[in-house]
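# Examining the three-dimensional arrangement
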Amino acid sequence: TTLVLGSTDQFTGIQGYAGVGKTTQIKAVVAALDTLPADARPQLTGLAPTHQAVKEMSDVGVRAQTIKSFIVEHDQAKAAGEKPDYQGQVFLIDESSMAGNQDTAALFQAIAAGGGRAVSMGDTDQFEAVDSGAPFKLMQERSAMDVAIMKEIVRQKDVQLRGAVHDIIDNRIGAALKRIEAQPADRIAREAGASVPQSAFEETGSPVNDIVSDWTGRTPDARARTLIITQLNADRNAVNAGIHDQLVKRGELGREAVTVPVLDKISHTRHDKTAAWDANLVVKRGDRYQDVLAVDRNGNTVTVRDEEGKIGLYSPKELITGDVQLFRRSQIEVRSGDQLRFTLTDREHGQTGNQRFTVDAVSQTGDIRLRDERGTVTINPGNVRAQQHIDYAWAVTGYGAQGASTDFVISLEGTEGGRKMLASKRAFYISASRAKEHVQIYTDGKADWTKAVAAPERDIKT
């Protein structure tokens, strides 16, 4: 906090382990700035590569948005002949390790040109950017940027769990797993007659089914305090669908159901090459949606149709990467009692990424009434494309969980199929460090997964 408030440098950094309070310390910065007269008070703006990190900053009172949306707005202002002025602004860039070279360069150039200041916060041991480069790590190792180091982990209330997180950081994987296995099973409140896992590190031939059974066997309060983390999107979808189906069978959801279209973001690829494009995808450019009709890989062109039926042709190479997003179509069944979240921020429609709701009611016209602590809102994904950015909220991927904090975690870790490419110390570190009180791991094979996690770091971006 002293570095942020006292440095005269334009760019500074904060490096800290998961759970040391990097986001929480923002409260101290805000409190200090609030003591200044309003006309002399710097304006804080939060930036982050993921919607989860944006949400965490918003929750501590900082106006925040994604890095990509800021870059797009900056470029649009310049294209319109404006000269953005960021003097008197301090940008707090959370989860900086997840921003690649392209976005970091564009962001720093924009802030520098506008005369603003920036504080990069993150943890080089957590997930790196999907795009190329590790600029946050390089800035610490090879630049003159002043960096504050935070090492004292405060998130984990349980001594064994906190020790396990330290063991993972120090690459003592076996020791970390022993600590996790030593967690008391009775820490989780369960419904009468619910089965209890034999171990907090459970090997199983059906991890998805066991996770569904574990979660649904918990009390309503314990469920609300539990985050399920998978490494694969396919596993996330399977767990979410399994929980929905099980709740239907148990009679915990409403009888009336509506099936709604959903747009699943394709986030782990660049969009400036036709290899990333296929017919039947949906492309979002700014606030416009277009259906991809055909892809000519030889001519490097894409044929699209907008919502008014107009046909267009363009080359992906001509697109501004930050202003283009690709989605696959799918659908989900929604009933009252379901837990949903927005998967994309849309200011025009009042949507914030990772904002979670309980479904109050559904109608056969496609209306879905959502409720959270702030009130209710009604959406109709069948009629409004922007409202198709929804998903069940029980399970998220490890990438989506980075920056989150919760009491209990259920994690699916393994090496079967596509899981093998994502079995790493970074992924294990994120899963184990999200929880304050208890972590439950389900794996398709203890020996193979443990060996993969303990292996030297490799490039998993391909």
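First, a word on scope: everything that follows refers to the structure included in this document. If you're wondering where the values come from, they're calculated on a predicted model, not measured in any experiment. (Residues numbered from 1 in each chain as written. Predicted model: local features only at pLDDT ≥ 70, side-chain atom pairs only at ≥ 80, totals over all residues. Heavy atoms only, no water.)

## Points about the overall build of the protein
Along its length, the protein carries 14 helices and 22 strands. Taken over the C-alpha trace, the protein has a radius of gyration of 23 Å; the compact-globule value for 462 residues is 23 Å, and the two agree within 12%. Judged by the C-alpha coordinates and their principal axes, the protein covers about 65 × 55 × 50 Å. The long-range share in the protein, meaning contacts at least 24 apart out of those at least 6 apart in sequence, stands at 72%. With an accessible surface of roughly 20,800 Å², the protein has 47% of that area assigned to carbon and sulfur atoms. Of note, the protein has its 57 positive side-chain charges centred 2 Å away from the centre of its 62 negative side-chain charges. (Helix = DSSP H or I, 4+ residues; strand = E, 2+ residues; numbered from the N terminus. Rg over C-alpha atoms; globule rule 2.2 N^0.38 Å. Contact = heavy atoms within 4.5 Å. Areas by Shrake-Rupley, 256 points an atom, 1.4 Å probe, with all protein chains shown as cover. Lys, Arg positive; Asp, Glu negative; His and termini not counted. Charge placed at Lys NZ, Arg CZ, Asp CG, Glu CD.)

## Considerations on the sheet that holds strand β15 (residues 339-342)
If you trace the five strands from one edge of the open sheet to the other, you get β18-β17-β16-β15-β19, paired in antiparallel fashion. Both edges of this open sheet fall to β18 (375-379) and β19 (390-392), since each of them pairs with a single strand only. Averaged over neighbouring strand pairs, the angle between their axes works out to 40 degrees when direction is ignored. With three bridges joining them, β15 and strand β16 (residues 356-362) adopt antiparallel strand pairing. (Pairing = 2+ DSSP bridges. Axes fitted to C-alpha atoms, helices over the stretch in contact; angles between N-to-C directions.)

## Considering unusual backbone geometry
The backbone phi angle of E95 is positive, close to 50 degrees, even though this residue is not glycine. Looking at where E95 falls in the secondary structure, it is placed in the loop between β4 (89-93) and α5 (101-113). A positive phi angle is found at N171, which is not glycine, with a value near 65 degrees. Looking at the element boundaries, N171 is found in the loop between α7 (159-169) and α8 (173-181).

## Focus: helix α3 (residues 51-59)
Considered for burial, the residues of α3 that qualify are H51, Q52, A53, V54, E56 and M57. Packed against the buried residues of α3 are α2 (26-33), β2 (43-48), β3 (64-66), β4, β16 and α12 (398-401). With its phi angle positive at about 95 degrees, G61 sits one or two positions after the end of α3. (Buried < 20%, exposed > 50% of the residue type's maximum accessible area, 1.4 Å probe, protein only.)

## Focus: the nonpolar core
Ranked by internal contacts, the top residues of the largest apolar core, which has 31 residues, are L177, F428, Y429, I441 and W449. At the level of elements, α7, α8, β8 (226-230), α13 (425-433), β22 (435-443) and α14 (446-454) are the ones that each hand at least two residues to this core. Top contributing element to this core by residue count: α7, with five residues. In terms of nonpolar packing, the next biggest core, distinct from the first, is built from 29 residues, V208, I211, W215 and I243 among them. (Core = buried A, V, L, I, M, F, W, Y, C linked by side-chain atoms within 4.5 Å.)

## Some remarks on the sheet that holds strand β11 (residues 288-296)
To summarise the sheet geometry, strands pair through backbone hydrogen bonds and adopt either a parallel or an antiparallel arrangement. With antiparallel pairing, the six strands of this open sheet are ordered in space as β9-β14-β10-β11-β12-β13. With one partner strand each, in any of the chains shown, β9 (257-266) and β13 (311-314) form the two edges of the open sheet. The sheet shows a mean angle of 40 degrees between the axes of neighbouring strands, taken without regard to direction. The sheet contact formed by β11 and strand β12 (residues 301-306) spans six bridges and is antiparallel.

## Structural notes on helix α9 (residues 207-216)
Counting buried positions over the ten residues of α9 gives seven, a clear majority of the element. Of the positions making up α9, those classed as buried are P207, V208, I211, V212, D214, W215 and T216. Packing partners of the buried residues in α9 comprise α10 (220-224), β8, α11 (233-249), β21 (406-413) and β22.

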